[in-house]
Amino acid sequence: MYQIKRMSEGTKDHEKKEKVPNKSIFRLSGIFHYLRPYAFMYFIGWIFLVLSTSAGLVFPYLMGKLLGTTVNPSSPSMPSGFLDLNNVTNVAIALFVLFGVQALFSFFRVVIFNNVTENSLRDLRNDAFSKMIFMPMDFFNTNKVGELTSRVSSDITQIQETLRTTIAEFFRQIVIIVGGISFLFFISWKLALIMLATVPVMALIAVFFGRYIRRLSKEAQNFSAQSNAIVEEALTGIANVKAFTNEYFNIKRFSKNTQELRDLNVRSGVWRGLFVSFIIFCLFGAIVFIVWQGLLMTQGTNPELSKEGFYQFVLFTIMMGASVGSLPDLYASIQKAIGATENLMEIINGKSELELHTGKQKNEVKGQIEFESVRFSYPQRKDMDVLNSISFKIERNQTLAIVGASGAGKTTITNLLFGFYAVDEGRVLIDGVNVSDYDLNHLRENMAIVPQDVLLFSGSIMENIRFGLTDATNDQVITAAKLANAWEFIESFPEGLQTEVGDRGIQLSGGQKQRIAIARALLKNPSILILDEATSALDSESEKLVQDALSNLMKDRTSLVIAHRLATIRKADKILVMQNGVIEEAGTHQELMDLKGNYANLVSLQLLDS
Ligand SMILES: Nc1ncnc2c1ncn2[C@@H]1O[C@H](COP(=O)(O)OP(=O)(O)OP(=O)(O)O)[C@@H](O)[C@H]1O
Ligand SMILES: [Mg+2]
């Protein structure tokens with residue numbers, strides 16, 4: 001339900017809305033919200049835009065004068081002073097001044113718009129990321145991470161371009177067109193009417209083309225997001241790809257996608273090409289036609305049009321033609337930005353965990369845990385119950401162990417404790433309070449997990465341990481590392497705690513990673529500790545090290561231990577044996593041994609093993 005709507009799904013809807021162009025621009029409003037803090041600066045930028053555009057309109061006027069004037073420059077009579085624009089030299093100087101002024105205005109326009117854009121985009125980026133990171137788990141189950149990231153980055157680039165130049169350009173062209181038309185009427189209404197007869201036709205076709213091209217480019221955006229996702233998946237799991245000699249499979253998957261992307265873009269390129277040639281043909285056709293008509297008007301003894309007026313007319317027409325020609329591209333680009341804005345706003349306006357979760361309780365978390373006939377299925381697979389009437393209880397500072405086959409639902413139990421998902425039936429209670437009634441941040445601050453697959457972030461070992469408690473002192477970090485039996489190997493690195501790990505640094509072994517995760521959890525000093533297969537990646541010697549570290553970690557807190565190796569859970573206060581989402585057996589090691597059921601069976605198997 002959180003899935004970002006594919007644009008192609010919504011096309012019908014879009015087409016309906018596109019009939020009202022005002023509404024389209026209105027849909028950019030999400031972005032205007034981000035411009036608001038910089039409104040004053042933006043306003044100044046617009047003043048410069050208006051100034052430089054108006055200055056631009058004077059150009060054809062002066063240039064026409066320069067071309068059409070008949071005064072001989074070598075006989076400077078200058079009867080009416082410097083501002084006599086019938087003097088060639090004066091006109092030329094005026095043109096130089098004009099360009100100087102325009103250059104200055106344009107400089108400020110570009111710099112100011114750029115500043116405003118970058119400020120707004122920084123805020124937008126921050127908002128999008130903060131929103132995403134607070135999204136409920138279900139959001140990440142239904143949206144591919146690679147697609148999300150590339151979509152967000154390409155959407156933002158699109159918006160960047162629009163804010164920085166496109167809106168301003170669009171406005172400039174409109175002013176040129178409106179100003180140009182007024183001036184044309186001023187020079188010769190007849191010629192102006194001839195000119196106008198061609199413009200609306202082009203404009204209509206432009207809208208039609210623009211709409212179609214927009215649809216194609218949206219589809220292309222989806223394809224490129226998909227291919228980014230393929231690249232990201234393959235590169236993140238590169239060891240797996242190589243081990244399974246899956247390179248060719250991935251290449252095939254990727255090239256199928258890039259081929260589709262190429263086909264789509266080629267198709268849209270043909271349309272764009274058609275469009276451009278159409279505009280060029282019409283444009284030059286129109287110019288030739290108007291030049292011809294205009295020249296006819298300058299003939300005779302009492303011509304309707306002066307030579308000067310004719311040149312001005314032609315220059316204005318060319319300038320306007322160029323403006324009209326550039327509109328569709330600008331329009332398409334604004335349309336794309338609208339699409340991008342909608343995508344981003346869908347994320348930014350989405351319901352985050354903070355909004356969905358209404359619980360406010362901030363009681364001290366002591367660590368008593370109780371599951372009351374919990375039934376649960378994952379949101380995208382509602383038909384399959386992962387947990388079925390699960391009930392158990394552990395007191396504060398006790399240790400609960402969960403064993404059971406893969407897929408039995410062990411990790412799911414921990415997901416529910418963290419409040420990642422809501423239960424379908426029953427209650428999950430911590431100190432007698434429903435998890436859904438807690439302030440989630442408060443609850444999670446009092447819990448720590450050493451997960452099944454430890455993830456280290458790019459950064460130093462120090463930063464990775466501090467992840468557990470961001471304001472921990474160096475000494476605290478070192479103590480935690482020592483208790484986790486991680487200090488020895490950390491010290492052996494030349495750069496010690498500052499050693500870079502993760503994607504851009506050295507790769508640690510599974511056991512080393514686990515000990516860092518244990519140090520992380522120790523530093524957090526939680527009331528409830530969850531160990532999900534925390535010793536699975538280890539040989540017996542490191543297991544001993546980690547086991548000692550874990551015993552340190554489990555002191556004086558409620559622990560929930562998931563383990564395949566039964567030796568590690570012998571001392572637990574209670575052991576649950578799970579199978580297909582139900583608890584089959586529950587009790588202490590001795591009780592379960594006496595029961596001679598599944599657990600006893602498993603133990604005897606493992607004893608034979610070792
Ligand atoms: N995010 C998810 N969306 C849908 N189904 C899921 C999700 N995570 C797990 N499942 C399903 O829920 C069931 C229980 O998964 P769980 O991860 O709790 O198993 P487990 O007992 O921890 O197994 P293992 O010992 O292999 O870690 C499995 O059938 C799994 O396919
Ligand atoms: Mg698991």
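Residues numbered from 1 in each chain as written. Chains lettered and ligands numbered in written order. Predicted model: local features only at pLDDT ≥ 70, side-chain atom pairs only at ≥ 80, totals over all residues.

Quick look at the overall build of the chain
Argument step 1. In terms of regular secondary structure, the chain is built from 21 helices and 12 strands.
Argument step 2. A buried classification covers 33% of the 610 residues belonging to the chain.
Argument step 3. Taking all contacts inside the chain whose residues are at least 6 apart in sequence as the whole, residues at least 24 apart take part in 78%. (Helix = DSSP H or I, 4+ residues; strand = E, 2+ residues; numbered from the N terminus. Buried ≥ 20, exposed ≤ 12 C-beta atoms within 10 Å, placed from the backbone. Contact = placed C-beta atoms within 7 Å.)

Overview of the sheet that holds strand S6 (residues 447-450)
Argument step 1. Spatially, six strands are ordered S6-S9-S10-S3-S11-S12 in an open sheet, and the strand pairing comes out mixed. Edge positions in the sheet fall to S6 and strand S12 (582-587), since each of these pairs with one other strand and no more. Neighbour-to-neighbour, the strand axes of the sheet open up by a mean angle of 15°, direction not taken into account.
Argument step 2. Examined bridge by bridge, S6 and strand S9 (residues 528-532) share four bridges and lie parallel to one another. Across the sheet, residue Met447 finds its bridge partner in S9, namely Ile528.
Argument step 3. Taken strand by strand, helix H13 (residues 410-417) contacts strand S3 (399-404), S6, S9, strand S10 (558-562) and strand S11 (574-579), and its axis lies near 155° from that of S9. (Pairing = 2+ DSSP bridges. Axes fitted to C-alpha atoms, helices over the stretch in contact; angles between N-to-C directions.)

Details of helix H4 (residues 39-68)
Three- or four-residue spacings in an α-helix give side chains the same orientation, since the helix completes a turn every 3.6 residues.
Argument step 1. Here H4 spans 44 Å end to end across 30 residues, near enough to the 44 Å set by a 1.5 Å rise per residue.
Argument step 2. Against helix H3 (29-35), helix H5 (88-133), helix H7 (145-187) and helix H11 (307-348) lie the buried residues of H4. (Expected span 1.5 Å × (residues − 1).)

Concerning the sheet that holds strand S5 (residues 433-434)
Argument step 1. If you walk across this open sheet you meet the four strands as S2-S1-S4-S5, and the pairing is antiparallel. Pairing within the sheet leaves two strands with one partner each, and these edge strands are strand S2 (387-394) and S5.
Argument step 2. Contacts from H13 reach strand S1 (369-376), S2 and strand S4 (425-430), with the element oriented near 115° to S1.

Looking at the nonpolar core
Argument step 1. Counting 70 residues, the largest nonpolar core has Ile518 and Ala519 as the members making the most contacts within it.
Argument step 2. Among the elements that line this core, the one with the most residues is helix H18 (residues 510-524), at seven residues.
Argument step 3. Excluding residues that lie within four positions of it along the chain, Ala519 makes contacts with Ile465, Ala480, Ala481, Ala484 and Ala486.
Argument step 4. Core analysis: the next-biggest nonpolar cluster, separate from the first, contains 47 residues, Phe48, Ile167, Val314 and Ile338 among them. (Core = buried A, V, L, I, M, F, W, Y, C linked by C-beta atoms within 7 Å.)

A few points about unusual backbone geometry
Argument step 1. One non-glycine residue, Thr245, adopts positive backbone phi at about 40°.
Argument step 2. Mapping Thr245 onto the fold places it in the loop between helix H9 (238-243) and helix H10 (247-298).
Argument step 3. Unlike most non-glycine residues, Ser373 shows phi in positive territory, near 35°.
Argument step 4. Locating Ser373 in the fold gives a position in strand S1.

Concerning the environment of Pro60
Argument step 1. Of note, Pro60 is situated in helix H4.
Argument step 2. In this structure the C-alpha to C-alpha distance between Pro60 and Tyr311, which are 251 residues apart in sequence, comes to 8.4 Å.
Argument step 3. Not counting residues up to four positions away in its chain, the partners in contact with Pro60 are Gln312, Leu315, Phe316 and Met319.

Observations concerning the site of ligand 1
Argument step 1. Looking at ligand 1, there are 13 residues lining it, with Tyr378, Ser406, Lys410, Thr411 and Thr412 nearest.
Argument step 2. Among the elements that line the shell around ligand 1, the one with the most residues is H13, at three residues.
Argument step 3. When the residues that make up the shell around ligand 1 are grouped by side-chain class, the tally is three nonpolar, eight polar and two charged. (Near = placed C-beta within 6 Å. Nonpolar A, V, L, I, M, F, W, Y, C, P; charged D, E, K, R; others polar.)

Details of the environment of Thr499
Argument step 1. With respect to the helices and strands, Thr499 occurs in the loop between helix H17 (487-492) and strand S8 (500-501).
Argument step 2. Judged by the 17 C-beta atoms lying within 10 Å of it, Thr499 falls in the partly exposed class.
Argument step 3. Taking the C-alpha atoms as reference points, Thr499 and Ser460, separated by 39 residues in sequence, lie 5.1 Å from one another.

Let's talk about the pairing of S9
Argument step 1. When you tally the buried positions in S9, you get five out of five residues, the bulk of the element.
Argument step 2. Burial along S9 is two-sided: the residues Ile528, Ile530 and Asp532 and Leu529 and Leu531 are all buried.
Argument step 3. As defined by bridge partners, S9 adjoins S10 across five bridges and the pair is classed as parallel. Note on S10: the bridge partner recorded for Asp532 is Ile562.

Some thoughts on H18
Argument step 1. When the terminal C-alpha atoms of H18 are compared, their 21 Å separation across 15 residues agrees well with the 21 Å that a helix rising 1.5 Å per residue should span.
Argument step 2. Of all 15 residues making up H18, 12 are buried, and the element is well covered by its neighbours.
Argument step 3. Residues Gly511, Gln512, Gln514, Arg515, Ile516, Ala517, Ile518, Ala519, Arg520, Ala521, Leu522 and Leu523 constitute the buried set of H18.
Argument step 4. Of the residues flanking the end of H18, it is Asn525, one or two places downstream, whose phi is positive at about 50°.

Brief notes about the packing of H4 against H7
Argument step 1. Two numbers describe how H4 lies on H7: the axes approach to 10 Å, and their chain directions differ by 40°. Taken as axis vectors, H4 and H7 run oblique relative to one another. In the crossing of H4 with H7, the sense of the turn from one axis to the other is right-handed. The segment H4 lies against H7, with Leu49, Thr53, Gly56 and Leu57 engaging Ala168, Phe171, Arg172, Val175, Ile176 and Gly179.
Argument step 2. Here the contact of H4 with H7 is built from residues that sort into six nonpolar, three polar and one charged. (Parallel < 35°, antiparallel > 145°, perpendicular 65-115°, else oblique. Left-handed = near helix turned anticlockwise from the far one by under 90°.)

Thoughts on the confidence of the model for the chain
Argument step 1. Summing up the model confidence of the chain, the mean pLDDT is 83 and the portion of residues at 70 or higher is 88%.
Argument step 2. Confidence drops under a pLDDT of 50 for residues 75-82, and excluding neighbours within four residues, the segment shows six contacts in the predicted structure. (pLDDT = per-residue confidence, 0-100.)

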